[in-house]
Amino acid sequence: MREKPEKSSRQAGFTLIELMVVLFILGLLAALVGPRLMGRVGVAKQKTAQTQIQLLATSLDLFHLDVGRYPTEEEGLKALVEAPEGLTGWAGPYLDKGVPKDPWGRDYVYKCPGEHAPYDLISLGADGAPGGEGENRDITNYTK
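Given the structure is predicted, the values throughout are model-derived calculations rather than measurements. (Residues numbered from 1 in each chain as written. Predicted model: local features only at pLDDT ≥ 70, side-chain atom pairs only at ≥ 80, totals over all residues. Heavy atoms only, no water.)

Student: Account for the pattern of salt bridges, naming residues and giving values.
Tutor: All chains considered together, the criterion is met by four salt bridges. The salt bridge partner of Glu75 is Arg69, with a shortest N-O separation of 2.9 Å. On the basis of relative accessibility, which here comes to 29%, the residue Arg69 falls in the partly exposed class. The salt bridge involving Asp107 is made with Lys101; its shortest N-O contact spans 2.6 Å. (Salt bridge = Lys/Arg side-chain N within 4 Å of Asp/Glu carboxyl O. Buried < 20%, exposed > 50% of the residue type's maximum accessible area, 1.4 Å probe, protein only.)

Student: Account for the side chain of Gln52, with residues named and values stated.
Tutor: Relative to the assigned elements, Gln52 resides in helix H1 (residues 16-67). A relative accessible area of 18% means that Gln52 is categorised as buried. Setting aside anything within four residues of it in sequence, one finds Gln52 in contact with Pro100, Lys101, Asp102, Pro103 and Tyr108. (Helix = DSSP H or I, 4+ residues; strand = E, 2+ residues; numbered from the N terminus. Contact = heavy atoms within 4.5 Å.)

Student: How would you explain the packing of aromatic side chains if you had to name every residue and give the values?
Tutor: Counted by the stated rule, this structure contains four aromatic pairs. Seen from their ring centres, Tyr110 and Tyr119 are 6.4 Å apart, and the 35° between their planes marks the pair as tilted. Pair check on accessibility: Tyr110 and Tyr119 agree, each one buried. Grouping aromatic residues by their ring pairs yields a cluster made of Phe63, Trp90 and Tyr94. (Phe/Tyr/Trp six-rings, centres within 6.5 Å; stacked < 30°, edge-to-face > 60°.)

Listed below in structure tokens is the structure:
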């Protein structure tokens, strides 16, 4: 006859203290790494806005070459996608996927004539208000 092995008084597994130590270490790592990643998201959104403004500026310049003027404020950036009524020389669309929104989900501000250039393109940043610093600063076609 075979004898059954004696049951160990201690079963295999993790103790509560071991689990708590692992959770503490994971929480510590998240607390150290999380803020650094969140800061990078803001910088990435600002760079995306700068890139989109450059794309819009190039499209506006192509519009100007074809039509002989920039779109009026009333025509807006929509003139890069759809020909304004009664306009001759329009050879668009100048944007493949329509007019993008800024990385914070708002429309770009377009002023023509601009205060700083023939036209001004502005993203109002994370706060959606003029001015600001850091992630809230305005991104424009006339400042770097």
